[in-house]
Amino acid sequence: MAVYGEKESKKEAPKKESKKEAPKKSMGKMSEKQKADLKKHMEGHKDKMSASEMKSHRMKMMSRMRKGMSIKEAHDDI
């Protein structure tokens, strides 16, 4: 039974370490202003990208904007 007790102590150690890690921040949905800004940004790319490129670019921008980046920061990051 000593082996069983050792396994439990090993399982407990990672739990304590995970509590020390900083929690991930999820900002959630985009505000109306962010949506409007993104729409305006995407209209400028209509002639330059195909439909699949537009969708990919839009999704990348949305994911970064949800994290709190501005349009310029998100675009520069891509």
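Residues numbered from 1 in each chain as written. Predicted model: local features only at pLDDT ≥ 70, side-chain atom pairs only at ≥ 80, totals over all residues. Heavy atoms only, no water.

Before going further, it helps to examine helix 2 (residues 32-43). Given a rise of 1.5 Å per residue, 12 residues ought to cover 16 Å, and the 17 Å separating the end C-alpha atoms of helix 2 matches this to within 8%. Every buried residue of helix 2 is listed here: Leu-38, His-41 and Met-42. One side of helix 2 carries all its buried residues, which in axial view fall inside an arc of 95°. Opposite its buried face, helix 2 presents the exposed residues Glu-32, Lys-33, Lys-39 and Lys-40, each directed more than 90 degrees away. For helix 2, the elements touching its buried residues are helix 3 (51-66) and helix 4 (71-77). (Helix = DSSP H or I, 4+ residues; strand = E, 2+ residues; numbered from the N terminus. Expected span 1.5 Å × (residues − 1). Buried < 20%, exposed > 50% of the residue type's maximum accessible area, 1.4 Å probe, protein only. Arc of directions from axis to C-beta. Contact = heavy atoms within 4.5 Å.)

One can find His-41 in helix 2. A polar side-chain atom of His-41 sits 3.2 Å from a polar atom in the side chain of His-45. Within the structure, His-41 has its side chain in polar contact with the side chain of His-75 (distance 3.3 Å). The residues touching His-41, leaving out its near neighbours within four places in the chain, are His-57, Met-61, Ile-71 and His-75. (Polar contact = N/O pair within 3.5 Å; in protein donor to acceptor, adjacent residues only side chain to side chain.)

With that settled, the discussion passes to the nonpolar core. Generally speaking, nonpolar side chains in soluble globular proteins are found buried as a group. Formed by Met-30, Leu-38, Met-42, Met-54, Met-61, Met-62, Met-65 and Ala-74, the largest nonpolar core amounts to 8 residues. When residues of this core are assigned to their parent elements, the largest contribution, 4 residues, is made by helix 3. Apart from the residues within four sequence positions on either side, Met-62 is in contact with Met-30 and Leu-38. (Core = buried A, V, L, I, M, F, W, Y, C linked by side-chain atoms within 4.5 Å.)

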